[in-house]
2 protein chains.
Amino acid sequence: MTRDAGFDDVEYLLDGFETVETVNDFRERLRSGRPLNVKLGIDPTSPDLHLGFMVVLSKLQRFAEAGHRVTWIIGDFTARIGDPSGKNATRPQLTPEAIDANMNTYRRQAEKVLDLERISVRYNSEWLDRLDLADLIKLLSKTTVAQMLERNDFSNRYRSGAAISLHEFLYPVAQAYDSIAVEADVELGGSDQLFNLLLGRHYQREYGQQPQICATVPLLVGLDGEKKMSKSLGNYVGIDEAPEQQFGKLMSIADSLVPTYARLAAFRSQADCDRMAAEISGGSVNPMVVKKDVAESIVARYHGAAAGSAARDHFERTVQRKELPQTDLAEYDVPHGTRIGEVLVRAGLAESKRAAERLISGNGVKIDGIVVNDPRGAWTAETAVLSVGSRKFVRVRAQKE
Amino acid sequence: MTRDAGFDDVEYLLDGFETVETVNDFRERLRSGRPLNVKLGIDPTSPDLHLGFMVVLSKLQRFAEAGHRVTWIIGDFTARIGDPSGKNATRPQLTPEAIDANMNTYRRQAEKVLDLERISVRYNSEWLDRLDLADLIKLLSKTTVAQMLERNDFSNRYRSGAAISLHEFLYPVAQAYDSIAVEADVELGGSDQLFNLLLGRHYQREYGQQPQICATVPLLVGLDGEKKMSKSLGNYVGIDEAPEQQFGKLMSIADSLVPTYARLAAFRSQADCDRMAAEISGGSVNPMVVKKDVAESIVARYHGAAAGSAARDHFERTVQRKELPQTDLAEYDVPHGTRIGEVLVRAGLAESKRAAERLISGNGVKIDGIVVNDPRGAWTAETAVLSVGSRKFVRVRAQKE
């Protein structure tokens, strides 16, 4: 039997995961030579994918390519029920038709990263509908209240006195039971899903199965650089958004985030991203240029190469240049790597470094039309237009030291 | 429509309950004139009844007599499942046949107090078997983890770090759902069941029913005078025990407990029991005599009047007199109400009052063959044999002051 390249290449398959519980289990399981059952649970209530979702799908693709059996488990069972307490707006009650429509949308977006021909799809109602109360009692007897309350989300809510309805304990248990149903060898998820994945491992052991390997990917931080990318926070780049919109959003991230996005959204290698981070912080590259390259390759993945380059052109034409006045600008030379606050003072755009930092914090300072995020950032452009507000512009040139 | 006497006699029906949630609800419900659905949940795992169980059955009888609809709900559903974690030995898994056998035993004992012709019986598997997972999720969504952990038993275990398996939360919820299923107007139980009864009230409200009145009876303290009467503690009088055995056990309770047993086990009125307590503590009656009367009436209820009086005779003949020596005893006169410790000193059976109290605390002192429990008790018998150990005996006579 021939295998696809990478079938038992542990390093390749586990590249880029945040936690793997456990690598030794995984190594041993691969040695058996049989294709592994790799599970990803999908919530059919949120069909509009953003870049954050694609991280785990890109990992799944490696398992599929390598010849393992990848299964999407669609959580239709709980989606059909929704949140009967009515307190949780993120758990609406969905009809089977709505679930199917959502999954079609999901598939169309996911296939930009994942070869869907290699994926099998199961709906968890297939086995959860069949459980009766006696089965459920057996299921629930295998875990304790303290175990559930250890989950970060629950323990915070319990401590703060926020209500946790009893049925909320059922959702992770149902997800864990999915692992038993499909005899998962490996479950993938975001790092915020680690508890649920480990519960699956626990349940498989309780039900006499070999416990699954739990592999989690890092969470992609949103455009704000602070919180997990999520629709409700508005700090996301949607897969279905227009190329120009995606590009513009990606250009708004802090320079320091560019290597992270290169890794998790453009799927560059860790080595490439480490090099990029060193070059940006060392000032040997213009972060604006690197950011455009990363943004272009992300847009190209979801809309094609032509759309990627067109989005870049559009950005440069309309956003970067539109505010530049047509008159000649005063010019200043500064040593390469000078702090931007210092540059503002030298160019007479701020009275002091502290005043300059306040302007930057207030989003009033731009370089070539792009807002400067970091009050302590350094000047790295060879030559660019520095502006404060909509009326003060100078041209700055970096001198090599 | 004619009603049995007492149909809407609130005072009569609620006489002797420890908590009633709420009396106003109850009063209003009775005004409707329709027979109320009165529910008692029965655990079919413990068929051998003791006096502690009969307290609530005696209350149920009043509702039945008064023409209300009394229903026993037999918790066969959970009994059939048992405790799947295997950790709780008090929840064995029972077959339907075992459950039926247990219930026959239960009925035979219960009918000493309750007119079973007036009772209807339902098995809760009738509705719990029909719940699917979606129903259950809805059910569980109506209560919170914090609510469950408020229950005394759970909160103590949670605080002490003892494991609470998730399915244990289901049992009170299932019991609460029983109230919805039979549309209970009133649920009766022991005071340790108050949480479960109130959960039924809560659930009925959530499901749009008028919430049941929760009425709890006091727990009968065991023969040790300290803990709730229970088989596992061995401090019980079983309904099926032989008359002599029941009588002997009842004679071992402390004098101060006699009024409590008169109330909760012999079903005497509160007024009678208050008078009895005053007479015992005031020394105007011999507690031994009163205790024999109470014990006889309890035995008579479960074995008939002849057996009650025969058990008393047997006790007097074999227990009380057997240790009395046939020789003439030294006789002492003491003022009525003298402390027994003082009597022991006067009769030369102890060297000091403190030594006398130690003898009493060590269960070494008997009056007419019955161990004296209270080191500070008073002499109230007209004439009786006082003994220390198995060899020192005197006869003591009380002088009227």
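Structure first, text after, so check above.
Reading the values: rules and limits
- Residues numbered from 1 in each chain as written.
- Chains lettered and ligands numbered in written order.
- Predicted model: local features only at pLDDT ≥ 70, side-chain atom pairs only at ≥ 80, totals over all residues.
- Heavy atoms only, no water.
- Least-squares fit on C-alpha atoms with pLDDT ≥ 70 in both.
- Contact = heavy atoms within 4.5 Å.
- Helix = DSSP H or I, 4+ residues; strand = E, 2+ residues; numbered from the N terminus.
- Buried < 20%, exposed > 50% of the residue type's maximum accessible area, 1.4 Å probe, protein only.
- Salt bridge = Lys/Arg side-chain N within 4 Å of Asp/Glu carboxyl O.
- Buried area = accessible area lost by both parts, 1.4 Å probe.
- Expected span 1.5 Å × (residues − 1).
- Polar contact = N/O pair within 3.5 Å; in protein donor to acceptor, adjacent residues only side chain to side chain.
- Pairing = 2+ DSSP bridges.
- Axes fitted to C-alpha atoms, helices over the stretch in contact; angles between N-to-C directions.

Undergrad: Sorry if this is basic, but what is going on with the relation of the copies chain B and chain A here?
TA: The transform that puts chain B on chain A rotates by 179° and translates by 0.3 Å along the axis, for an RMSD of 0.3 Å. What the rotation and shift describe, once combined, is the action of a two-fold rotation axis. Closest approach to the rotation axis within chain B is made by the C-alpha atom of B:Asp132, at a distance of 3.0 Å. Comparing interface residues between copies, 100% of those in chain B also sit at the interface in chain A, which points to an isologous, same-surface contact.

Undergrad: Is there a simple way to think about the environment of B:Glu342 in this case?
TA: Residue and element names in this part refer to chain B. The topology assignment puts Glu342 in helix α17 (residues 340–346). Taking relative accessible area as the criterion, Glu342 reaches 22% and is therefore assigned partly exposed. Separated by 109 residues in sequence, Glu342 and Leu233 place their C-alpha atoms 35 Å apart.

Undergrad: Even after reading the chapter, I still don't get the pattern of salt bridges, so can you show me in this structure?
TA: Oppositely charged side chains may form a pair once their charged atoms are brought near each other. All names here are of chain A. Tallying each qualifying case throughout the model produces 58 salt bridges over all chains. For Glu241, the salt bridge goes to Lys249, with nearest N and O atoms at 2.8 Å. In this structure, Arg397 and Glu331 form a salt bridge, with 2.7 Å as the shortest nitrogen-oxygen distance. Of this pair, Arg397 sits in strand β11 (residues 392–399) while Glu331 sits in strand β7 (residues 330–335), placing them 66 residues apart in sequence. For Glu331, a relative accessible area of 41% puts it in the partly exposed group. Counted as one network, the salt bridges with shared partners bring together Lys292, Asp293, Glu296, Arg312 and Glu316.

Undergrad: How do you make sense of the interface of chain B and chain A when you look at a structure like this?
TA: Interface extent is often summarised as the accessible area lost during association of the parts. The interface is formed by 30 residues belonging to chain B together with 30 residues belonging to chain A. Taken together, the two surfaces of chain B and chain A that pack against each other cover about 2600 Å², and 81% of this comes from carbon and sulfur. The largest per-residue losses of area from chain B upon contact with chain A belong to B:Leu133, B:Ile137 and B:Leu166, which jointly make up 26% of the total buried on that side. If you look at where chain B meets chain A, you find zero salt bridges.

Undergrad: Sorry if this is basic, but what is going on with helix α15 (residues 287–303) of chain A here?
TA: Residues and elements named next belong to chain A. The terminal C-alpha atoms of α15, which comprises 17 residues, lie 24 Å apart, in line with the 24 Å expected from a rise of 1.5 Å per residue. Within α15 the residues assigned to the buried category are Pro287, Met288, Val290, Lys291, Lys292, Val294, Ala295, Ile298, Val299 and Tyr302. In this structure Asn286 caps α15, since a side-chain oxygen of it lies 2.9 Å from the backbone nitrogen of Met288. Within two residues after α15, Gly304 carries a phi angle of roughly 95°, on the positive side.

Undergrad: What is the right way to look at the sheet that holds strand β1 (residues 19–21) of chain A in this model?
TA: Strand pairing within a sheet occurs via backbone hydrogen bonds; the two strands may be parallel or antiparallel. Residues and elements named next belong to chain A. With mixed pairing, six strands are arranged side by side in an open sheet as β1-β6-β5-β2-β3-β4. Edge positions in the open sheet fall to β1 and β4 (119–123), since each of these has one partner strand only. Neighbour to neighbour, the strand axes of the sheet diverge by 25° on average, direction disregarded. Here strand β2 (residues 37–42) pairs with strand β3 (residues 69–74) via six bridges, running parallel. Directly across from Val38, in β3, lies its bridge partner Val70. Helix α11 (residues 194–206) rests against β1, β5 (186–190) and β6 (213–217) of the sheet, and its axis sits at about 170° to β6.

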